[in-house]
Structures are given as C-alpha cells and as structure tokens.
Amino acid sequence: MRPLVLVTLLQFSAITAWAAEFAAPVRLEAGGAAIRVDSPGYAAPCWADIDGDGKKDLLVGQFDGGKIRVYKNLGDRQLAAGEWLMADGKVAEVPGVW
Amino acid sequence: MAGLFQVLWGKPDGTFRAAEELKGTDGQPLVIPLGPGEDAWIDCICTRPTAIDWDADGHLDLVVGNFTGTFYLFKGEGKGRFLPKGELIETDDGPLKISGHHSDPFVVDWDNDGDLDVLSGSSEGGVQWAENVAGRGAAPKLKPFQSLIEKAETREYGRVLAEADLTGPVMSTRIWVDDLNGDGKLDILVGDLVTLVAPAKGLSEAELKEKYAAWQKEWDAAVAKLNAATDAAAKQAANQRVQDLWPERNKFLQEEMTGFVWLYLQK
C-alpha cells in the first residue's frame, strides 16, 4: 500500500506543478514603499543570498545606468530599503546599458 | 554592434569586482553569432545571459536571450570558461522563440519531471514557458513556448494610469523563479516597465481626455500625410510636422516611465 501512496503523491505533485495556479500578484515593497526603478523602467529581479547570512535577498537591475539595487531580507517577509550594489568600492554599473 | 555579456566576479571577502566583458576560451568577448540574413542590430543585442548546467556535465553553461526573442547556448568548461561559439536552441518546429521580443531565460524544472524547462518574460508582458519533454538525464527537447501568466490587457494610449491603479506587471517583463515562501512550490518574481500617465498640472482627467483626442486627430492626419508623401520635400515637411507634434503632448499629460517588482505565489 505504501508504494502506491508514494506514486500517487508524486503524480499529484507533477500535475499540480504543470497546471500552475497563482494567487493575484503582489507588488513588492521595501522600507515601507513600493520597489521601483528609475526611468525608463525595465525592472529585472533576482532572488539570491548576496550577503551570506542564509537568507535570500532581492536584487533589482534597471536600465538606467545599468545599476542594481539590493534589498536585504530582514526575515518575516520584510525587505530593508534598497542600496546600490557596489563593485570595487563604487556603485556597480553594467556597461552598454544606456 | 553586439550585446556583450558582463560579469561581476565575486571576491573572497564577499564583495564584487567591477563589471568585465565575459570572454570565450579563444580570448575574445562572447557574442551571439550572426546567422545568414540576420542583423547585428537586432539579433545580437539586448542579451540576457543566465548560468545553468544545461547539458548536465557538471559545468555551468550560458543560456542567453536577445532582442529577437530567441535563445543561444554557450557551453561551459568550468571555472568561468565558455566555448566561444553559441548555438541556437531549437525545437522540433524551429528555433525556440518567445511571443514578442526580449527573451529573458530562466531555466528550472518547472513541471517537476526531472528535466530543465525554460521560462521567459517578454516585451509583450506576461510569462511564457517551454516544456522540456526529454526527461531526466536526456538532452533537452523543448516544446514551443506557451503562456504561463497572461500578459496585461493593452491600454488605450493617453488614458490616465496612476500607480494606485496597477494590479499587476504591464510590459517588458523580466523574471526570477524560486520558492519564495518556502511552501515547496516555485513562485515567480516579475519585473516590468510601465508608463504612468497623469494630466498635466492644472488639468482635470476630463480635460486631458478632450485635449488628447484633439491631439490624436492631428497626429493621425500628420502620420497619414507622411505616409502619403512621395517627393523628398513633402516627406521632410511631413516628418517635421510629426516631430513637432510629439512633444505637444506634454502640454496636457505627464508621463513617467518606471518599473516595479511583482510576486506571483503559486497556489
């Protein structure tokens, strides 16, 4: 009986993942305000543990200046206000982005 | 003109080095190869590389999106080394391509069947996915893209759009996939581009609508005249009229281009 239950659970898992249903989208906030990028937009999110504290943080790239803002994960679904990602002591910029 | 790949190498102390062009094993910057009849201005730019072990050989490869909406694979040899020539990723029906432009690959086992699928944002908005039907351990075999999250409804240009009116991402979507709430299901972060529209200072929404309708009439006439112009002088005059009209919009509306980040939690 146990193998049958396992197979059924695995099948159910595959089916639910394929036929994905989502809750209504929620706009993310940090430091009490909606996360937004500079004009002309093109927000590009990334979820990764940038500071090695065991919690994944939010990084958001933007078109303007090719800059990336880091929103540290404070836990309990809270993000700190954003700070520019730094590289070699300066605000990191990805060249080639007007 | 080519879209170079940039990398911010991590340092041992957890900080980063300034962005550098990523080079292939031949020492030259990695670029998407141009095929017959392709145009460097559209086929090689707006590159969007993502690192993933695509061929399960233990090394990170690069799956790269571009303006056209197709995808290229640059095979990795480990330790940040990649073969110089990218390969167009194909399906049985031709190149893997999203609906819209600006392919934005995120490679993950979305349907939990043991192989890697491709999800992507698009210039049109929404999220699309291409199912890999190869199964665990086999070379990827992708089906064409289908919609996973529908794009936003097209809005009539010139209508007021306030930040408070937004209910989801609008266009030019960029995505990230992870289990953000720890419930064992993959969720999707979606970044976007949206143009917020408000009446110019001192105008009501009704006045904006009225002035916009009048401007639109002039605009349509100017564009029609430009399209109908046959000689160079007429074309130049019509083109000048179109260019003069465009900034006239600022007299009755304010636009702000920005982008937000939305979270879709999977039920």
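Note that the structure is a prediction, hence the values are computed from the model and not measured.

1. Focus: the overall build of chain B
In terms of regular secondary structure, chain B is built from three helices and 17 strands. Referenced to the eigenvectors of the C-alpha coordinate spread, the extents of chain B come out at roughly 60 × 50 × 45 Å. Across the 267 residues that make up chain B, the buried fraction comes to 42%. Side-chain charges in chain B split into 27 positive and 44 negative, and the spacing between the mean points of these groups amounts to 5 Å.

2. Observations concerning the state of the cysteines
Evaluation of the coordinates by the stated rule reveals zero disulfides over all chains. A:Cys46 takes part in no disulfide bond, and the closest cysteine sulfur to it belongs to B:Cys46, at a distance of 20 Å. Accessibility expressed as a relative area gives 36% for B:Cys46, which makes it partly exposed.

3. Quick look at the pairing of strand β15 (residues 171–178) of chain B
All names here are of chain B. Counting buried positions over the eight residues of β15 gives six, a clear majority of the element. Both β15 and strand β16 (residues 187–199) contribute to a ladder of six bridges, which runs antiparallel. Among the inter-strand pairings, Ile175 is bridged to a residue of β16, identified as Val190.

4. Section: the confidence of the model for chain B
Residue and element names in this part refer to chain B. Chain-level pLDDT for chain B is 93 on average; 99% of the residues reach the 70-or-more range. Across chain B, the element-wise mean pLDDT spans from 70 in helix α1 (residues 40–43) up to 98 in strand β12 (residues 117–121). Interface scoring of the predicted complex returns ipTM 0.90; its pTM is 0.89.

5. Quick look at the sheet that holds strand β8 (residues 87–88) of chain B
The four strands lie next to each other as β3-β4-β5-β8 (chain B), forming an open sheet whose pairing is antiparallel. Bordering the open sheet on either side are β3 (48–52) and β8 of chain B, each of which pairs with just one other strand.

6. Notes on the packing of aromatic side chains
Per the counting criterion, the structure on display carries 12 aromatic pairs over all chains. Note on B:Trp219 and B:Trp246: the rings are 5.4 Å apart at their centroids and 50° apart in plane angle, and the pair reads as tilted. Placement of the pair is B:Trp219 in helix α2 (residues 205–228) and B:Trp246 in the loop between α3 (232–245) and β17 (253–264), with a sequence separation of 27 residues. Residue B:Trp246 is classed as partly exposed on the basis of its relative accessible area, which comes to 39%. The structure contains a cluster of three or more aromatic residues connected by ring pairs, namely B:Tyr212, B:Trp215, B:Trp219, B:Trp246 and B:Phe252. Here the basic side chain of A:Arg27 rests over the ring of B:Phe260, its NZ or CZ set 4.5 Å away from the ring centre. When the ring centre of B:Trp246 is taken as reference, the NZ or CZ atom of B:Arg249 above it lies at 3.6 Å.

7. Looking at the interface of chain A and chain B
Each side of the interface is counted separately: chain A has 41 residues, and chain B has 46 residues. Summed over both sides, the interface of chain A with chain B buries roughly 3,700 Å², with 61% coming from carbon and sulfur. Per-residue buried area on chain A facing chain B is highest for A:Phe22, A:Arg27 and A:Arg36; these three make up 19% of the total on that side. Counting across the interface, chain A meets chain B through five salt bridges. On the surface where chain A and chain B come into contact, there are 16 residue pairs in polar contact (both at pLDDT 80 or more). If one sorts the elements of the side of chain A that touches chain B by residue count, helix α1 (residues 2–18) of chain A sits on top with five residues. Here the side of chain A that touches chain B is composed, by residue class, of 29 nonpolar, four polar and eight charged. Pairing of strand β1 (residues 26–27) of chain A with β17(B), which is carried by two bridges, proceeds in the antiparallel orientation.

8. Brief notes about the pattern of salt bridges
Enumeration according to the criterion identifies 16 salt bridges over all chains in this entry. In this structure, B:Glu87 and B:Lys75 form a salt bridge, with 3.8 Å as the shortest nitrogen-oxygen distance. With B:Glu87 in strand β8 and B:Lys75 in the loop between β5 (71–74) and β6 (76–78), the pair connects residues that are 12 residues apart, well separated along the chain. Using a relative accessible area of 39% as the deciding quantity, one classes B:Glu87 as partly exposed. Between B:Lys141 and B:Asp92 there is a salt bridge; the shortest N-O distance is 2.8 Å. Of the two residues, B:Lys141 is situated in the loop between β13 (127–130) and β14 (146–149) and B:Asp92 in the loop between β9 (90–91) and β10 (94–95); the sequence distance between them amounts to 49 residues. When its relative accessible area of 63% is taken as the criterion, B:Asp92 is described as exposed. In this structure, a network of salt bridges that share partners links the residues A:Arg27, A:Arg36, B:Glu163 and B:Glu256.

Conventions adopted
- Residues numbered from 1 in each chain as written.
- Chains lettered and ligands numbered in written order.
- Predicted model: local features only at pLDDT ≥ 70, side-chain atom pairs only at ≥ 80, totals over all residues.
- Heavy atoms only, no water.
- Helix = DSSP H or I, 4+ residues; strand = E, 2+ residues; numbered from the N terminus.
- Buried < 20%, exposed > 50% of the residue type's maximum accessible area, 1.4 Å probe, protein only.
- Lys, Arg positive; Asp, Glu negative; His and termini not counted.
- Charge placed at Lys NZ, Arg CZ, Asp CG, Glu CD.
- Disulfide = S-S within 2.5 Å.
- Pairing = 2+ DSSP bridges.
- pLDDT = per-residue confidence, 0-100.
- Phe/Tyr/Trp six-rings, centres within 6.5 Å; stacked < 30°, edge-to-face > 60°.
- Lys NZ or Arg CZ within 6 Å of the ring centre and 35° of its normal.
- Contact = heavy atoms within 4.5 Å.
- Buried area = accessible area lost by both parts, 1.4 Å probe.
- Salt bridge = Lys/Arg side-chain N within 4 Å of Asp/Glu carboxyl O.
- Polar contact = N/O pair within 3.5 Å; in protein donor to acceptor, adjacent residues only side chain to side chain.
- Nonpolar A, V, L, I, M, F, W, Y, C, P; charged D, E, K, R; others polar.

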